[in-house]
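# Coordinate inspection notes
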Amino acid sequence: MGFIDYEVDGQVGIITINRPKALNALNSEVLKDLDATIDAVDLDAIRCLIITGAGEKSFVAGADIGEMSTLTKAEGEAFGKVGNDVFRKIETLPIPVIAAINGFALGGGCEISMSCDIRLCSENAVFGQPEVGLGITPGFGGTQRLARIVGPGKAKQLIYTARNIKAAEAYRIGLVNEVYPLEELMPQAKKMAKGIAKNAPIAVRACKKAINEGLEVGMDEAIVIEEKLFGSCFETEDQKYGMAFFLDKNKEKVKEP
Ligand code: HXC
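A few points on the structure. (Residues numbered from 1 in each chain as written. Predicted model: local features only at pLDDT ≥ 70, side-chain atom pairs only at ≥ 80, totals over all residues. Heavy atoms only, no water.)

## What to know about the environment of Ala 78
Looking at the secondary structure, you find Ala 78 in helix α3 (residues 73-91). Sequence separation between Ala 78 and Leu 158 is 80 residues; the distance between their C-alpha atoms is 25 Å. (Helix = DSSP H or I, 4+ residues; strand = E, 2+ residues; numbered from the N terminus.)

Written as structure tokens, this is what we have:
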């Protein structure tokens, strides 16, 4: 669809942001296509999504600077909301989303990766929030998610200095989960996604919900969110099968759901 390629590999969906002329920078069209692609993901069939960028140089080099250059105050706010709505949709999708970061992840590129559950990157990846160098703030959730992922001190340092960091430093500060040679990035992302897809899908969704929703409230409330989701698993075939299989001495007898 337009600037977005979508491919299905078993129970894994792969979204590729494909605007190579601008290093996959996000303009309104790309955001619209991304939104429509996410809406079209068959959540009955897909258990894990991967988001990556086309080519070997850039994941997403940010929001489109040309498009932003002439915005008014109201238009700037509206542009921020378009991106925020899409990224929030990614963050709150019921299934896990892995960002496979294959190069530049700057500004909006770093921000989209942070709306994913897990970030894997290639050795050539570069992260940064260069916005203050352009006279703006991060606008697709960067001030909020970076602080939550790496802590406020590191987030403030990266955002105030507008300094780009390489994959190794992103790994050291906990911004990415794993770093791979470029040619191994997609195979490793698919391997992880397929591993997740093999696990009980309702339980995996419940874990995502528990972690995301729990982080937004105090611990007393958070632990109740977990209790409810934990309890709901006992109404699933996966729980009955999973535990019966473990306990049964003659594994063959237990019927898979
Ligand atoms: C528009 C972009 C772009 C961007 C790259 N391009 N990034 N166009 N918006 N964010 C275009 C270039 O203009 C150029 O087009 C082509 O992609 C190749 O880029 P080059 O600069 O020639 O490549 P290179 O020299 O390798 O440098 C790569 C780079 C650099 C370091 C990534 O392109 C760069 O600094 N880009 C901007 C990164 C950035 O500041 N991102 C944050 C944006 S603010 P032509 O036509 O000349 O070939 C942001 C805010 C989010 O994201 C919140 C909004 C609400």
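Here the narrative resumes.
## Notes on the sheet that holds strand β7 (residues 118-122)
Sheets are built from strands that pair by backbone hydrogen bonding, the pairs being arranged parallel or antiparallel. An order of β1-β2-β3-β5-β7-β10 is seen for the 6 strands of this open sheet, with the pairing classed as mixed. At either margin of the open sheet sits one strand with a lone partner, and together these are β1 (4-9) and β10 (178-180). When the angles between neighbouring strand axes are averaged without regard to direction, this sheet yields 20 degrees. As paired strands, β1 and strand β2 (residues 12-17) are joined by 6 bridges and run antiparallel to one another. Looking at the pairing, Ile 4 lines up with Ile 17 of β2. (Pairing = 2+ DSSP bridges. Axes fitted to C-alpha atoms, helices over the stretch in contact; angles between N-to-C directions.)

## Things to note about the layout of surface pockets
When its volume is computed, the largest pocket comes out at roughly 680 Å³. Considering the residues around the largest pocket, the lining is formed by 21 residues, among which Glu 91, Asp 117, Ile 211, Asn 212 and Leu 215 are closest to the centre. Looking at the lining of the largest pocket, the elements that each hand over two or more residues are α3, β7, α5 (142-150) and α9 (201-214). Ranked by residue count, the leading element in the lining of the largest pocket is α9, at 5 residues. Of the residues assigned to the lining of the largest pocket, the class counts are 9 nonpolar, 4 polar and 8 charged. Split by domain, the lining of the largest pocket shows at least three residues from each of two domains, domain 1 (4-198) and domain 2 (201-247). Counted as a void, the second largest pocket has a volume near 450 Å³. In this structure, the second largest pocket is lined by 23 residues; those nearest its centre are Ala 63, Met 68, Glu 131, Ile 136 and Thr 137. Elements with a minimum of two residues in the lining of the second largest pocket: α2 (65-68), α3 and α4 (108-114). (1 Å grid on protein atoms, 1.4 Å probe; cavity = no way out; pocket = protein on both sides within 12 Å on 5 of 7 lines; lining within 4 Å. Points joined across faces, edges and corners; volume = space filled by probe spheres on them. Nonpolar A, V, L, I, M, F, W, Y, C, P; charged D, E, K, R; others polar. Domains from an automatic or database assignment.)

## Looking at the packing of α9 against helix α10 (residues 219-232)
Following both chains from N to C, one finds α9 and α10 inclined at 165 degrees, their axes separated by 9 Å at the closest point. With respect to their mutual orientation, α9 and α10 come out roughly antiparallel. Crossing geometry of α9 relative to α10 is assigned as right-handed. In contact with Ala 206, Lys 209, Ala 210, Glu 213 and Gly 214 of α9, α10 contributes Ala 222, Ile 225 and Leu 229. Split by residue class, the contact of α9 with α10 holds 5 nonpolar, 1 polar and 2 charged. (Parallel < 35°, antiparallel > 145°, perpendicular 65-115°, else oblique. Left-handed = near helix turned anticlockwise from the far one by under 90°. Contact = heavy atoms within 4.5 Å.)

## A word on the site of the ligand
With respect to spatial proximity, 23 residues lie near the ligand, and among them Lys 57, Ala 61, Ala 63, Ile 65 and Gly 108 are the closest. Within the backbone of Lys 21, one N or O atom sits 3.4 Å away from an oxygen atom of the ligand. Here Ile 65 contributes a backbone N or O atom positioned 3.0 Å from a nitrogen atom of the ligand. The protein chains hide 61% of the 1000 Å² of surface that the ligand would expose on its own. Among the secondary structure elements, those contributing two or more residues to the shell around the ligand are α2, α3, β6 (104-106) and α4. (Near = heavy atom within 4 Å. Polar contact = N/O pair within 3.5 Å; in protein donor to acceptor, adjacent residues only side chain to side chain. Areas by Shrake-Rupley, 256 points an atom, 1.4 Å probe, with all protein chains shown as cover.)

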